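Analysis of the macromolecular model
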Amino acid sequence: MSCVVEVEHISFSYPDGHPALRDVSLELSHGEKVALVGPNGAGKSTLLLHLNGILPRQSGRLAISGLDVSGKNLGRVRALVGLVFQSPDDQLFSPTVFDDVAFGPIYQGLAADEVRTRVEEALALVHMEEYAARVSHHLSVGEKKRIAIATVLSMKPAVLVLDEPTAGLDPRARRSLIELLRELPQTMIVATHDLPMVKELIPRTVVMDHGQIAADGPTASVLCDPVLLAEHGLEM
Amino acid sequence: MSHAHFLDPYQDRPSPVHRLDARIKLLLVTAFILTASLSPLGAWPVYILLLALALSAELLSNLGIRFYFKRAVLALPFVLAALPVLFTTPGGAQLSLPLGLAVTLSGLERFLSIALKSWISVQAAILLASTTTFPDILMALRALRLPRLMVAVIGLMWRYLFVIVDEVLRMLRARQARSGETGQGGHKPGGTVFWRAKVAGGMAGSLFLRSLERSDRIYNAMLARGYDGEVRSLPHPALQPADWLLLGGILIVLIFILAVGQIAWG
Amino acid sequence: MLASVQPMHIPDGFLSTAVAVALWVISAVVIAVAFRRVGKELGEREVPVMGVLAAAIFAGQMLNFTVAGGTSGHLMGAALATILLGPWASVIILTCVVGVQALIFQDGGLLALGANIFNMGIVGTTVSFAAFSLVRKLSGGQKWGLYAGGFLAGWLSIFIAALAVALQLALSGTSPANIAIPAMAGVHALIGIGEGLITLGAVSLVMAARPDLLKAGETRNKGNALVWAAGGLLTLLLAVLSPLASIHPDGLEWVAGKAGFLQTAREPLIKIIPGYLFPGVSNTALATILAGVLGALIVLAAAFAIARARRRKTS
C-alpha cells in the first residue's frame, strides 16, 4: 500500500447539527507534504481531528498506514499520527520539557532507556537538545512550538499533522520553524493561513471551504489562480 | 470545533415564565424549596400540591415536562445515601428481603419522602436556571442584597468559564491525541496510575498558572477602562404591580400549604 | 459532564431545615470574613483574580485520569486553591464554584448550598491548610514537605469533608450514622487519593515554573493562626466525632432531637389551632385524594392557559 493517509467520502456534523465536513476525500502517499488552506470554519481542524480518531467519523472510510481509524486500532493510530495543536500551551502540560516530550513514549509503555533515547532524538530533531531540563511554562512561543513538535516526534509517527504552525510567531521564529519543517522527512499535513509559507515549502495544496474540498493540486497552480483564491477568501 | 456552550442551561423561549422578573423567580423558587424542606415526612397531599405547582410552572415555561424530568433524573443518584433508612427506621409492618434485611413501613415512608422532596425541589431549581439568563440571575442576586463584590466575582467567573472550559477540553484532547500504542507485543500502554495522576496534576497546575496570568491581563484591561475597585451597576428596573401581586399570591399559597402540612402531619 | 464527579454535593431534600439553615449562617459569616481578608490583600485585583481562578477551578474539575476498570480520578480543588492562594481566597473561590454549580447546574441544592459551601469550601480549605502547614513545618522547609504536604492536604480535604457530609445526613435523619459514616469514609478514602495525587502533581508543576508563588504563600500564611486552629480543630473533631457517632448512632439521634428546635417550636402552634378547624384533613387518605384532585386542576388550568395563548398567537 503506497498511501499513508486514506480519507474517503467523510462527512461530519457537530451535535448541534452544524455540518463541518461534507464528503471529503484525500489521499497522501509516503513522504508527501500537503497544505490545507481555507477560511476559518472551513472544516480544516475538524478534518485534522478525524485523522487520529479524536472525532469519530460518521460516514465514509479513513485509514492510516492501512489501519482503519476506529475501535481497537485507535491506540496504534494515535502513535502513528503526530497531531500538533495550534496552541502549544494545550500540548505542554508537564513541569519540564523532558516530561512533555516523554509523555507519548511513557504512555506507550516503552522501557525507561528507550524513553530517554526517544526524547533525546526528538529534541535533537527540533534542535532543542539542551532544553530537556527547562520549564515549559517559561519558553517563548517559538520555542514552545518546537517542543510541541518534539512531543509528537518522540512517538516516531508516520504522519505529522500540524494546525497553524506559524500562527503568532515573529518573523525570525517563523523563519526558523519553516526551516525545521523543511528538514523533517515525515509525511505532513499542514493546516494554515500562511500562504507564503505554503508557496515556499509545500508542493501540494488543498483548498477547503464550507466543509468541502474546493481544489486540490500543485501549489504553484492553486495559489496562482486569483479567481479561486478570491472565491474562498484567500489572499497571497 | 466543539465548544463549551453546552454549559449554559438557559433555553430561550417565549413564555410568561421566561418574562417573569428574575428577582421574583429567584424568591419564589427559594420559598418553594424551603416549603418542600419544611414539609413533614409522609405528608403526601402536600407533596402532590407542590408537584402540581411545579408542573404548572413547567407547562407555562413552554419547555415541555419531559425536559424537566430528564434533567431532574441527573440529580437523583444521591438517593443512594438515603437507601439505608429503608431498613434502619423502626416501626411499621416489615417486608423481609434476603440477607436478613427487612424494609419497615416507616422506613419506606421516610425514604420516599426524602426522594420526592428532593425530586420536586430540583425541578424548581431547573426551572429557574433554564428560564432565566445568567446576567438576570446576577441582577436578582444583587437586588437581593448579596454583597456586590461577590456578585462581581461570580459575573467575571461566568464570563471566563467558557473560555477556560474550552482550554481544558483542548488540553484533554491534546493528551488523548498522544495516548498511543506501539502495536508490538510486550508494551502495556497507559503507564502507571501514579504517572497518569501526575500528568493530570501537571495539567491542573499549568491551567492554574495560565489563569493567574490571564487574570493579570484582565485586570490591566479593566484598569485601562477606568476600573478603581468599586463595582458599579445601573439601578434595577422597578417591579410592576403585577409582579408584586404574583409574588404575594404564590407566597400565600405556599404558606397555606406549609401550614396544612405542619398541622396535619407535623 | 454536568453531573458532579464527587458524590459530595448534597441536593435539596436530604438535610433537615435546621441543619441546612445553621450551615448557611456559618458559611455566610466565614464568607464575609474571607471577603474582608482577601480584599485587604489583593485590593482592586480581587475581582479579576478571584473570578478567573474560580472559573479555572470549575474547569479544572473536568480534568481526570484513568484509574482502573472505567473509573477515573478527579479534582475538587480546595487543597490546590488553598496551597497556591491561601485559605481565605480558597474559601471565596470554592464558594463561587459550588454556588454556580448549584444555581446553574443543579449540582447540589439551593437550600443545601450553605452546607455544600461549608463542606467543600470551608472544611476542605481549613483542613488542607492545617495539613499542608503542618507537613511544611515538620519538613523544615525541605522540598519533600511541599509534595507530601500537597498530597496529604488533597487527601484529607476530601476525606474530612466526606465525614462532614455523612454527619450532616445523619443529623438530618436522612442516613443512619452507623452506615453513612463508614460508607462515606471508605469511598472517599479512595477518592481522596486521586485528589492528593493531582494536587501533588499541580504543586510540583508550580514549584518548577513559579516557585515565587509558593514562597509568597509562605509569608502570607504566617498571620493565619486562626485558620490553622480551625482546620486542626475541624479535622480532630470530625475524625473523632464520626467514629463515635457511627458506634453510637442513638447519641446522634439524641443530638438531632435536641437540635431540632423546629419540632419543639411546632408543638405550641398545633395546640393553638384546634383540630376541629381541619376536620377532613385528619383523614390522610381523603386528604391525599383531595390534594390529587386540586393538583390536577391546577396543572390543567396551566395547560389550558398555555394552549389558549398559543391559539391566540396562531390566529
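Here we summarise the structure given alongside this text. For every chain, the first residue of its written sequence is number 1, and the numbers climb from 1 along that sequence. The naming scheme follows written order: chains are lettered A onward, ligands numbered 1 onward. With pLDDT at 70 or above as the cut-off, local features in this predicted model cover only qualifying residues; side-chain atom pairs require 80 or more to be listed or tallied, and sums for whole chains, interfaces and linings still use all residues. Hydrogen atoms and water are omitted, and side-chain values are computed over all heavy atoms in the structure.

**A few points about the packing of aromatic side chains**
Whether two aromatic rings pair depends on their centres lying within 6.5 Å, for rings of Phe, Tyr and Trp, where Trp uses its six-membered ring; planes under 30 degrees apart make the pair stacked, over 60 edge-to-face, and the rest tilted. Counting across every chain of the model gives 13 aromatic pairs over all chains. Aromatic side chains B:F134 and B:W158 sit 4.2 Å apart centroid to centroid with 25° between the ring planes, which places their arrangement in the stacked category. Of this pair, B:F134 sits in helix α7 (residues 134–143) while B:W158 sits in helix α8 (residues 148–177), placing them 24 residues apart in sequence. Classification of residues uses two cut-offs on accessible area relative to the type maximum, computed with a 1.4 Å probe and protein chains only: under 20% is buried, over 50% is exposed, and between them is partly exposed. When its relative accessible area of 5% is taken as the criterion, B:F134 is described as buried. For B:W158, a relative accessible area of 11% corresponds to the buried category. Through successive ring pairs, a cluster of aromatic residues spans A:F93, A:F103, A:Y107 and B:W195. Working definition: helices are DSSP H or I runs of at least four residues, strands are E runs of at least two. Numbering for both runs from the N terminus.

**What to know about the environment of C:T66**
All names here are of chain C. When you line up the elements, T66 lands in strand β1 (residues 64–66). The exposure class of T66 is partly exposed, given its relative accessible area of 45%. In sequence terms T66 and V135 are 69 residues apart; their C-alpha atoms lie 28 Å from each other.

**What to know about the pattern of salt bridges**
Criterion for a salt bridge: a side-chain nitrogen of Lys or Arg within 4 Å of a carboxyl oxygen of Asp or Glu. This model, assessed by the stated rule, comprises 22 salt bridges over all chains. When the shortest N-O distance is used, the salt bridge between A:E6 and A:R61 registers 3.1 Å. Within this pair, whereas A:E6 is found in strand β1 (residues 3–13), its partner A:R61 is found in strand β4 (residues 59–64), the two being separated by 55 residues in sequence. Note on A:E6: relative accessible area 14%, which makes it buried. Residue classification places A:R61 among the partly exposed positions, given a relative accessible area of 35%. Members of the salt-bridge network, linked through shared partners, are A:D90, B:E167, B:R170, B:R210 and B:R214.

**Focus on the side chain of B:R71**
Mapped onto the elements, B:R71 comes out in helix α4 (residues 65–74). For the buried B:R71, no salt bridge exists, and the shortest N-O distance to an oppositely charged side chain is 8.1 Å, to B:D8. In this tally, Asp and Glu contribute negative charge and Lys and Arg positive charge; neither His nor the terminal groups of the chain are included.

**Digging into empty space enclosed by the protein**
Of the two site types, the cavity is a set of points on a 1 Å grid over the protein atoms alone where a 1.4 Å probe fits but cannot get out, and the pocket is an open set with protein on both sides within 12 Å along at least five of seven lines, each lined by residues with an atom within 4 Å of a point. Grid points are joined across faces, edges and corners, and a volume is the space filled by probe spheres set on the points. Scanning the model with the defined rule gives four cavities of 30 Å³ or more in all. Taken as a whole, the largest cavity spans an internal volume of roughly 80 Å³. For the largest cavity, the full set of lining residues is A:D89, A:L92, A:F93, A:S94, A:P95, A:V135, A:S136, A:H137, B:S206, B:R210 and C:L205. A class-by-class count of the residues in the lining of the largest cavity yields five nonpolar, four polar and two charged. In terms of lining, the second largest cavity is formed by B:I33, B:A75, B:S118, B:S121, B:V122, B:A125, C:P11, C:D12, C:Q106, C:G108, C:G109 and C:L110. Ranked by the residues each element gives to the lining of the second largest cavity, the list is headed by helix α6 (residues 105–131) of chain B, at four residues. Note on residue categories: nonpolar means Ala, Val, Leu, Ile, Met, Phe, Trp, Tyr, Cys or Pro, charged means Asp, Glu, Lys or Arg, and polar means any other residue, Gly included. Residues that form the lining of the second largest cavity fall into these classes: six nonpolar, five polar and one charged.

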